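In case you want the letters, here they are:
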Amino acid sequence: MRKLLTRSTKKIGLPPGALVHVGEKRTETVRISVLDYDEHHIEEKTQSTLDECLAFKDKPTVTWIDVTGLHDVKILERLGACYGIHPLVLEDILNTGQRPKLEDFGEYLFVVLKMLHHNVGKDELVSEQVSLILGSNFVISFQEAEGDVFDPVRGRIRNAKGRIRKVGADYLAYALLDAIVDNYFVVLEKLANRIEQVEEELVARPTLDTLQTIHKLKREMIFLRKSIWPLREVISGFQRLESSLICKDTEIYLRDVYDHAIQVMDTIESFRDILAGMLDTYLSSVSNKMNEVMKVLTIIATVFIPLTFVAGIYGMNFKYMPELEWHWSYPMVWGVMGAVAISMVVFFRKKGWL
Amino acid sequence: MRKLLTRSTKKIGLPPGALVHVGEKRTETVRISVLDYDEHHIEEKTQSTLDECLAFKDKPTVTWIDVTGLHDVKILERLGACYGIHPLVLEDILNTGQRPKLEDFGEYLFVVLKMLHHNVGKDELVSEQVSLILGSNFVISFQEAEGDVFDPVRGRIRNAKGRIRKVGADYLAYALLDAIVDNYFVVLEKLANRIEQVEEELVARPTLDTLQTIHKLKREMIFLRKSIWPLREVISGFQRLESSLICKDTEIYLRDVYDHAIQVMDTIESFRDILAGMLDTYLSSVSNKMNEVMKVLTIIATVFIPLTFVAGIYGMNFKYMPELEWHWSYPMVWGVMGAVAISMVVFFRKKGWL
Amino acid sequence: MRKLLTRSTKKIGLPPGALVHVGEKRTETVRISVLDYDEHHIEEKTQSTLDECLAFKDKPTVTWIDVTGLHDVKILERLGACYGIHPLVLEDILNTGQRPKLEDFGEYLFVVLKMLHHNVGKDELVSEQVSLILGSNFVISFQEAEGDVFDPVRGRIRNAKGRIRKVGADYLAYALLDAIVDNYFVVLEKLANRIEQVEEELVARPTLDTLQTIHKLKREMIFLRKSIWPLREVISGFQRLESSLICKDTEIYLRDVYDHAIQVMDTIESFRDILAGMLDTYLSSVSNKMNEVMKVLTIIATVFIPLTFVAGIYGMNFKYMPELEWHWSYPMVWGVMGAVAISMVVFFRKKGWL
Amino acid sequence: MRKLLTRSTKKIGLPPGALVHVGEKRTETVRISVLDYDEHHIEEKTQSTLDECLAFKDKPTVTWIDVTGLHDVKILERLGACYGIHPLVLEDILNTGQRPKLEDFGEYLFVVLKMLHHNVGKDELVSEQVSLILGSNFVISFQEAEGDVFDPVRGRIRNAKGRIRKVGADYLAYALLDAIVDNYFVVLEKLANRIEQVEEELVARPTLDTLQTIHKLKREMIFLRKSIWPLREVISGFQRLESSLICKDTEIYLRDVYDHAIQVMDTIESFRDILAGMLDTYLSSVSNKMNEVMKVLTIIATVFIPLTFVAGIYGMNFKYMPELEWHWSYPMVWGVMGAVAISMVVFFRKKGWL
Amino acid sequence: MRKLLTRSTKKIGLPPGALVHVGEKRTETVRISVLDYDEHHIEEKTQSTLDECLAFKDKPTVTWIDVTGLHDVKILERLGACYGIHPLVLEDILNTGQRPKLEDFGEYLFVVLKMLHHNVGKDELVSEQVSLILGSNFVISFQEAEGDVFDPVRGRIRNAKGRIRKVGADYLAYALLDAIVDNYFVVLEKLANRIEQVEEELVARPTLDTLQTIHKLKREMIFLRKSIWPLREVISGFQRLESSLICKDTEIYLRDVYDHAIQVMDTIESFRDILAGMLDTYLSSVSNKMNEVMKVLTIIATVFIPLTFVAGIYGMNFKYMPELEWHWSYPMVWGVMGAVAISMVVFFRKKGWL
């Protein structure tokens, strides 16, 4: 519920561009790490100070500044001032309820993305906002908390694997984007596992819990869809963008990540359809069970009610009841009862209830 | 219900441009307040007369005339005549069932918006129409009642906080627009609280009231959607507008408020999905309860009906019933009854009903 | 039902342009009335002959010819010949199952609209086709029956109220269009009243009639939507039209009527949503009632069935039943029964059924 | 079912353009009829040979060749060769599962349409594919079986009624198109009759048959929609087409038939909505009946079960039951029972069940 | 379930363009077959080595290289290097979870398609990814497993049937595309058979299995739709493409295959509608049965419960019950009971339950 509400009311009434961190403070200290590289050399600082990383600004090498933790507004302000970033962009970075988007500020591009992971404790999807600023020779990334999906990218830079060391900052931005989209498939696979589990439960022994799990999964789909849907526009915006920041060669990679984003959306849509079908199955199976319960009641009741009536008749205490005196009455009554019971059973057979 | 009907029938048959106040009279007196400022000076009159405020017209400073209360048609007519406002615009201002819209009249822009608040007494959302007229150096705002969401903007002007004192009337119009959109998040947060409450109720002990609350919330969503949906077009219209009234620098702020409007719409859509899911849950839980009720009835009835039949048999008064005379009949009957009851229970266990 | 079928089969097989009146004959005599005016003079004939009204053709004044009743094909043919109207247009005028549309024939514009009113006798919406032909200095309107929504327009022309006498035929056409659209709000208000009534019924005591009323209202919405939906295109067509017949000043009025048309559509959509919600409420309340009925049955049956069984036991006639002889048996049995009944009631309390 | 599957598997694996007749052979012999006309003369052969009709090719008059029966591939091949028709077009003509479409081959236009009629025997809609080839001075039409909706067109040509004899082949093609679309209204009227019948049944005495008829009608709507929906594009394609084959004057007639096609689609959509509403009504009425059944059971059972219990009590055979000896016990028991029964009835009244 | 998840997590973290085979290894050995032809000669190798087939590269003839089995990454790498294929294309070929797509790389076109077949063992649809690379004089096709739908194409090349030998590589690509789309009709026909079976079952004797089959078929539709939907864009992309690789004459054939693709989509949509209708029918028939069960119970219970009560009354052991002594009491009681039973039956008749 709460996580679907995207904009905090903390900010209401402040002038636009006022820097206030909105969102949980998810990490204790703000950590800045820098990776500066070109084809031939590499320099890495995992625990850098702001001043150190500003020093890389005018070098021709590609610089990746990764800021983890958003609650120290001062750092952002200085970074923004140094790299000439618009106050509204800084505000959006701090405001972690953004919708994924891409904005072109001429000198740099600003991208907001959602990084997803499955919180095992609460058993729900959690999203973390990742903001990227792509300049001519630098990428600045902002994350809310420690732990991300960028390690493979870092590995490739360190080991000079793939094209990444030979090309510019735009390819680095693409690589980060790709890492985030790839991670959606991991999330989807986990959801697929849970859907399959529920499906087996549904066939074997559906309970009210099954229903609640289905509804929970449906809600996760709503959340997922909301986080990922705008991504399409972001990436296709990237492709249409006629910005000198994106070189020709990177476009083909963007097309690739766009395909992946569409695959993610397709899969989410399929999952939604499947969950809707599972809901139908659940309701049908509940209604079938009810039907069966009713049948049992009906069969037992309709067989015995007439018999009990017959027994009641001969339990009456009238003085003049000729049958009571007859010698074969008792076995005859048994016979009549048997006949009634059998004809009832035959009737139910014919109806297909037995 | 009523509030979804947007156009009163009071006006039917009048020529277009005829000024008639349509809507409740929500305030006793019409109050005009003026805020005139530039970077260096500021002049404020909270209880101004019409003549006083017309005096600001030709000054180069930015003038914000705020009219609260719409039932005095005369005032509107004079304001309109002085600022050259088209009669249809004045008509739209008075007719409080407008759809949010933006119209470009060359010399000025006309914007209709909906300001929402939650009426605690009636426990429902209430919308108030706010009309803005943006000229080259003035903004005129019209409200139906006292009390609005513009106090932070007023504060910023008075304290010269943010950019607002340094820039033109277009930025002021943006600031008012932004204040209204920001307020939607407050409304949404309240709705989110109510949805969460209902959700807990739904899990704990769903009643018919729960259902009615869900339906009520659904209807609030319809109302909300109807009030806010056109806003998208309004703001994107602002952005596309090639009007000399909007300067380049303000456009980036409009993009920001556009993002917020889309976030509001996204959240409303998510809430609708969630409410639909809650309705399903409610119906399933009702049907589950029914099922449980039926099971209890069936178990009790099917266990005791055969036993009662057996008791009925030996309650018959036939003269010749050999069993009645036997010494161990009574305990034997108990034994038979016990066996029947136990086998019934075993049967229900196997069916999974116990 | 019938009224949703738009095209009669009477015309099948005739060549296009063949003039056959299709639809009910709703009025006895065909009546032609003429209103000819400019800023300074006005001439009105409420019962004109065809020849009289043809005389106005070449005058520079604005002429409004209003034809009521369509079954006299001859009159139409002569009018058409005189004003140079295409045979297909005449065919469309006679064929009262048209969809609202706008067609530009260069020399004149042809507009088809639906005028709605609520037939009190049949308690349903009835639509009447109104066709307008707008030439450079004339408007010809065709109606099926006496009684229309144009009286305010006539009044304004007679009293020279508003702009209408100072401007051309295009403004007259707009005024007629506006009168028709305004009337939709009257219809919507009546529907809103009926929806509110049904809503109260739904809360107080829903019956099968309530359901049928809901379905009837839903169908009225389908009918309404079908009649009004194309209007959007018609009016926006008017605005996009680059015809010399529409002067610049009228465009702003068309924008106004376009806003109204969209408000009508919005309201219809909201009503549909509300009716769908009411259907859900009805079904839930039926199912809730069922549930309650079942609970009462179950409680009564499960409390008394075991007790009746106990009574049955001691109604048996076995010779050797030791309990029968005991002195305190009877009160003890009452005690046992009381205990069973109380524990049942406690059980139901715990289940939340009482 | 079967008829919704549009493409036979007979053709799989053949090269494109291979001529194989796909579909039922609906007529015994292939019949070719020719109508050749201009304003002054007319020549008609209802049973022509291929050679005869090829002779008309180079005359300036308008020639309409109508081929009934498609199973003789040879005839098609020769016609195609003579008139220069692309093999894929011939293939499409033979393959009767085509979707309605329009293709422009420069020298000629190729149109596929669906002619519908109601097969009384099977009580279902049947569609027949009609293909038209429109050249500069000829129209070739292909039908699957004898019997069509073109007789009025033939009549108009023979009697020189309307414009048809004075204008070119494009007008003839329009006239055929119009005849087919007009016939849809006949089909819709028949469906409207059936829907009305079912509706009355639904109110009077709904059975499982009613449900099946509703589902059948829904399926006919799916079929109808599938056959007619693409027509919109076909006709609007005609209008947008900048082909020398269509002269200016015919365009206005195409606009007319386009309006009709949209009316057909509108009506189908309305029927679908109505059928969906009828399904809801059916389900509600079934559930209402169930409710009523349950109420009767509950009232009878809850009134008599306690009474039977009381009777059971005094049927017990305990030696020491003081009430049994009292003189007024029996009438008192009746009194108690009466009181119980009355209070039960009062309770049900209050609940609104009686 | 699983098969709806399109992208494996195996690849996460690898640099783009890294060649890893993702998907089941569906065939033991990688087989390369070559077909090289022009109008006059043909050369075929069904078991070729990589080097052999590279030799055809610079010949002017059309070469079709068909690679079956994707797990040998080396072969792909060499083919890619030789034909100048972009690493991302090779990656997409190996990654068998692609969405159908078309990409234009200037020198060649890259097409991904899904070939479907019905796996009889698992009774479900299985899709196999087919990738095509179309260069100026070659087509390279990649398949996951042995067995395809291209045999008719091979036959036509070998027998020089149709146009295929006279035209270029673009026509070959079209022929392969056409073979795949044609095969969808085979799959749809099988599904149509299964739907018809289920339909008959639904009318005759619907069980929970019927429901599960309906849900299974619905899911197959979701799968089918997901595999085929993007095809539309692919083929229309082909048509819009202004590539020198596609010659003018082939375009008309592409239009044909586009029609077929739309027919497939139409049929899938119709099937979905029909399955939704079948689900409704199933639920209604279950609810009807329930209703019938309840009626039987109600009739039996309400007839006998009052009778049993009467019998109970005269089973009481009061000392002073005057009726017990009367001579005609017993037959009178039978009379009363008969009257009660008959009036009950009459009541049920009137209600329409019997």
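Right above here is the structure, for reference.
Here goes a summary of the coordinates provided. (Residues numbered from 1 in each chain as written. Chains lettered and ligands numbered in written order. Predicted model: local features only at pLDDT ≥ 70, side-chain atom pairs only at ≥ 80, totals over all residues.)

### Here's the deal with the packing of helix 7 (residues 248-313) of chain A against helix 7 (residues 248-313) of chain E
Between two packed helices, both the angle of their axes relative to each other and the distance between the axes serve to describe the pair. Where helix 7 of chain A contacts helix 7 of chain E, the axes come no closer than 9 Å and their chain directions differ by 20°. By the criterion of interaxial angle, the relationship of helix 7 of chain A to helix 7 of chain E is roughly parallel. Crossing of helix 7 of chain A over helix 7 of chain E shows left-handed handedness. Across the contact of helix 7 of chain A with helix 7 of chain E, the residue classes tally to 20 nonpolar, 10 polar and three charged. (Axes fitted to C-alpha atoms, helices over the stretch in contact; angles between N-to-C directions. Helix = DSSP H or I, 4+ residues; strand = E, 2+ residues; numbered from the N terminus. Parallel < 35°, antiparallel > 145°, perpendicular 65-115°, else oblique. Left-handed = near helix turned anticlockwise from the far one by under 90°. Nonpolar A, V, L, I, M, F, W, Y, C, P; charged D, E, K, R; others polar.)

### Describing the sheet that holds strand 2 (residues 42-48) of chain E
Residue and element names in this part refer to chain E. The strand order across the open sheet built from seven strands is 2-1-3-7-6-5-4, with neighbouring strands paired in mixed fashion. Of all the strands in the sheet, the pair left with one neighbour each is strand 2 and strand 4 (101-104). This sheet shows a mean twist of 15° between the axes of neighbouring strands, independent of strand direction. Two strands pair when backbone bridges link them, and strand 3 (residues 62-68) and strand 7 (residues 138-143) are joined in this way by six bridges, in the parallel orientation. If you follow Thr-63 over to strand 7, its bridge partner there is Phe-138. In this fold helix 5 (residues 169-204) packs onto strand 3, strand 5 (109-119), strand 6 (124-134) and strand 7, with an angle of close to 25° to the strand it touches most, strand 5. (Pairing = 2+ DSSP bridges. Contact = placed C-beta atoms within 7 Å.)

### Digging into the sheet that holds strand 4 (residues 101-104) of chain C
All names here are of chain C. Across the sheet, which stays open at both edges, the seven strands sit in the order 2-1-3-7-6-5-4 with mixed pairing between neighbours. Across the chains shown, the open sheet's two edge strands, defined by having one partner strand only, are strand 2 (42-48) and strand 4. Direction aside, neighbouring strands of the sheet carry axes that sit 15° apart on average. Across five bridges, the pairing between strand 1 (residues 31-37) and strand 2 is antiparallel.

### Observations concerning the interface of chain A and chain B
In this assembly, 47 residues from chain A lie in contact with 53 residues from chain B. Going through the elements one at a time, helix 6 (208-240), helix 7, helix 8 (322-325) and helix 9 (329-351) of chain A are the ones with two or more residues in the side of chain A that touches chain B. Of all the elements, helix 7 of chain A adds the most residues to the side of chain A that touches chain B, at 16 residues. Partitioned by chemical class, the residues of the side of chain A that touches chain B number 26 nonpolar, 12 polar and nine charged.

### Notes on the nonpolar core
Among soluble globular proteins, nonpolar side chains are generally buried collectively. Of all hydrophobic cores here, the largest spans 97 residues; its most connected members are Ala-301 of chain A, Ala-301 of chain B, Ala-301 and Tyr-314 of chain C, Ala-301 of chain D together with Ala-301 and Tyr-314 of chain E. Counting 78 residues, the second largest nonpolar core, distinct from the first, contains Ala-179, Leu-191, Leu-211 and Leu-254 of chain B. (Core = buried A, V, L, I, M, F, W, Y, C linked by C-beta atoms within 7 Å. Buried ≥ 20, exposed ≤ 12 C-beta atoms within 10 Å, placed from the backbone.)

### Some words on the relation of the copies chain A and chain B
Note that the two copies of the chain are related through a rotation about an axis and a translation along the same axis. Taken as rigid bodies, chain A and chain B are interconverted by a rotation of 72° and an axial shift of 0.0 Å, the fit giving an RMSD of 0.1 Å. Both copies of the chain, as the preceding transformation shows, are related through a five-fold rotation axis. It is Gly-315 of chain A whose C-alpha, among those of chain A, lies nearest the rotation axis, at 4.4 Å. The fraction of interface residues of chain A whose copies in chain B are also interface residues is only 15%, indicating that the copies meet through different surfaces. (Least-squares fit on C-alpha atoms with pLDDT ≥ 70 in both.)

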